Every structure is written in C-alpha cells, then in structure tokens.
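Notes for the structure review
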Amino acid sequence: MEFRHLRYFLVLAEELHFGRAARRLSISQPPLSLNIQQLEASIGAKLFTRSSKSVQLTAAGLAFVPAARALLDQAAQAAGHARDVGQGMAGSLAIGFSGTMLYSGLPHILERFQAEHPLLRLTLKELSSSEQLVELAHDRLDLGFVHTTRVPPELSQILVSSQAFVCCLPAGHALARKRSLSLSALQGEPFAVVSRAVSPDYHERILAICTEAGFYPEMRYELRHWLSVVSLVSQGMGVALVPAALRQSAMAGAAFVPLDAATTPYDTHCLWKTARGGHAALSAFVQAVQAASMLPGAPNGPGKATVN
C-alpha cells in the first residue's frame, strides 16, 4: 500500500466516477483503475462495485474511507513536523513586553503565530523597556516590545504602534464627562505615573508635555505597571496621562478623556538583535509582527524594519 493509492482511493470515493476522478488527479483512467486494483489486492477486499452505469463503495470501502483520511493526515503532520524541525521552526522563543501591549495587538499576533507554528513554544516576560534592553543584550530574550527611543546600535526595530496620550480620571471627577479637555485643566492635580526607574522615557515625556501646557505636574504616586496607575486613579486618588490603548482595560471607576491638542505620541517598537536575523523562528515572528502592523486599522500604518 502506498500513499498514492490512498489519495486515488479517496478521490474516487468522493466522485464515484472514474472519468471525473482521473481528471481531478490529472491522470488517465487506466492508471487509476490499476492503482485501485493494487490497493484492493494489498487490503484483501473489494472497495468498489463497478458496472457500466455506476461505481459504488462496498461496505469495506465505506469502512476504509475514514482510515485512509487519517493515514494521509498523519503523514502530512509527520512531514510538516520534520520540515519545521529542519527549518528551525521548532523550539522556543522568549518574548519581552510591557503591559500596554496586552491592549495593543500582542495577543492577536501571538494567537495567529502559534496557530501557524504549533511546534514553537512562546514564553512571555513582562518587563520594563530598560529591563528588556538588558535581557536582549544578554540573549535572554529573542525579541522585545519596548517604549523607548534609546535603542542600542546592535538592535533592529519595527514601529508596532503609535498612540496618543489620554487623560485618565476618576469616574466621579468633575472633568470626567468632558468630550475633550485641555491638559492645563489638570494643573494642581496629584498625578500617578510609571516610575522613572521603570520608564525614564515616559517620565520625561510627561514632564515635557505638562511643561508645554504651562505647569509642572505634581507626581505624587510612582508605580511599576500601567494597570496599577489606572487602578489607583479609579480609586479617586489622582489623575494620569496614559496611552490610549488602556481604555480597553475597561476598569470600573476610571474614565478616559482625549486631550484637545496633539502631544508627542507613545510609540512601541519591536526589537531584536540584528546579528540573529538569520534565525528561522525569529525571522518568522518578525514577519508576523510586520504583517500585523500593516493590517487595515493598525494604529501606526505599515511597519518597516529598521536595521541599526
């Protein structure tokens, strides 16, 4: 019994007509008939009854259909497994990310990539941008999603998203029902921010944005995670400027109001070591990130890799 016999058998079982089956298989009828006869001989049972008017499956043929499909499926899976291993598409990838990426497309990228490459094990580590740069330098991460422009020259990058900042306010705040507001309206309010040690770029950006609006923010609460910032605000303890994607957190007690003037955006970049660009699994994931950033409605438009 050969795989060719199984394929010919299944096509004939679907068509129940030698002429149509032969055309689907791009062969003539005599080789098809010969292969079916060889298959029946190897099994020791008739699979079809033939007459001048019709072709029908026998009881043995009906029973053999699901088994033949299973055999071909198993063979395809085995071949795919061997191909993936040979091409470096088996093993693991370590991916770093900051919390906002959970609301900026990362789950979608991971889901699609894992479905296409089931033999690759993806491990995720939530780290600050500065921590990810250290891990990438020591090869403890394969890729990272960061919010910094301070990228070492040995790393390549893709712009994944570019978001506006929005005001995060307690739901009961007097400004929470505004359609938009001026940043200067928050002068004198206690601000919650991600700490300078965790995200120096964000810290400097908030200071610059507020200074341009004519005031110096009172940074009363310094936290490690974006969701901690939103959670604190939801408890009525302060206000914050956060990336627009965090509106999807839908945290009770927090309201998000757009600013009435554009500010410097909050950019996310995917980073990896340029020298490892030939790694098959890494290259495939980079392509998946690029494809996701080029989808209609992506926040930043086409993502292009920059090699430093």
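Now for a description of the structure that goes with this document. (Residues numbered from 1 in each chain as written. Predicted model: local features only at pLDDT ≥ 70, side-chain atom pairs only at ≥ 80, totals over all residues. Heavy atoms only, no water.)

**Quick look at the pairing of strand β8 (residues 190–194)**
Counting buried positions over the five residues of β8 gives five, a clear majority of the element. With burial as the criterion, each face of β8 is covered, one bearing P190, A192 and V194 and the other bearing F191 and V193. With five bridges connecting them, β8 and strand β9 (residues 218–223) associate as parallel partners. Across the sheet, residue V193 finds its bridge partner in β9, namely E222. Running through helix α7 (residues 200–212), the crossover from β8 to the neighbouring parallel element β9 is right-handed. (Buried < 20%, exposed > 50% of the residue type's maximum accessible area, 1.4 Å probe, protein only. Helix = DSSP H or I, 4+ residues; strand = E, 2+ residues; numbered from the N terminus. Pairing = 2+ DSSP bridges. Right-handed = clockwise from strand over helix to strand, strands pointing away.)

**Description of the packing of helix α1 (residues 3–15) against helix α2 (residues 18–25)**
The N-to-C vectors of α1 and α2 enclose an angle of 135 degrees; their axes lie 9 Å apart at closest approach. Classed by the angle they form, the pair α1 and α2 counts as oblique. The chirality of how α1 crosses α2 is right-handed. Contacts between α1 and α2 pair Y8, V11, L12, E14 and E15 from the former with F18, R20, A21, R24 and L25 from the latter. By residue class, the composition of the contact of α1 with α2 is six nonpolar, no polar and four charged. (Axes fitted to C-alpha atoms, helices over the stretch in contact; angles between N-to-C directions. Parallel < 35°, antiparallel > 145°, perpendicular 65-115°, else oblique. Left-handed = near helix turned anticlockwise from the far one by under 90°. Contact = heavy atoms within 4.5 Å. Nonpolar A, V, L, I, M, F, W, Y, C, P; charged D, E, K, R; others polar.)

**Thoughts on the pattern of salt bridges**
Per the stated rule, a full pass over the model turns up 13 salt bridges. Across the pair R69 and E14 runs a salt bridge, and its minimum N-O distance is 4.0 Å. Taken together, the positions of R69 in helix α4 (residues 59–86) and E14 in helix α1 put the pair 55 residues apart, joining distant regions of the chain. Residue R69 is classed as partly exposed on the basis of its relative accessible area, which comes to 42%. Across the salt bridge formed by D139 and K273, the nearest N and O atoms sit 3.2 Å from each other. (Salt bridge = Lys/Arg side-chain N within 4 Å of Asp/Glu carboxyl O.)

**Topic: α1**
The terminal C-alpha atoms of α1 lie 19 Å apart, and with 13 residues this matches the ideal 18 Å at 1.5 Å per residue to within 8%. Every buried residue of α1 is accounted for by H5, L6, Y8, F9, L10, V11, L12 and A13. Backbone geometry just after α1 places L16 at a positive phi near 50 degrees. (Expected span 1.5 Å × (residues − 1).)

**Section: the nonpolar core**
With 40 residues, the main nonpolar core has L241 and V242 as its most contacted residues. Residue assignment for this core shows that the elements contributing at least two residues are β7 (165–170), β8, α7, β9, α8 (226–234), β10 (240–243) and β11 (254–258). Filtering out sequence-adjacent residues up to four positions away, L241 remains in contact with F165, V166, C167, L183, F191, Y202, I206, I209, C210, W226 and L259. L110, V160, A281 and V289 belong to the second-largest nonpolar core, a separate cluster that totals 24 residues. (Core = buried A, V, L, I, M, F, W, Y, C linked by side-chain atoms within 4.5 Å.)

**Description of the layout of surface pockets**
Here the second largest pocket is characterised by a volume of approximately 180 Å³. Together, 15 residues line the second largest pocket, and S98, L127, S128, V198 and R224 are the ones closest to its centre. Residues of the lining of the second largest pocket, tallied by class, amount to five nonpolar, seven polar and three charged. (1 Å grid on protein atoms, 1.4 Å probe; cavity = no way out; pocket = protein on both sides within 12 Å on 5 of 7 lines; lining within 4 Å. Points joined across faces, edges and corners; volume = space filled by probe spheres on them.)

Just geometry here; none of it tells us what the structure is for.
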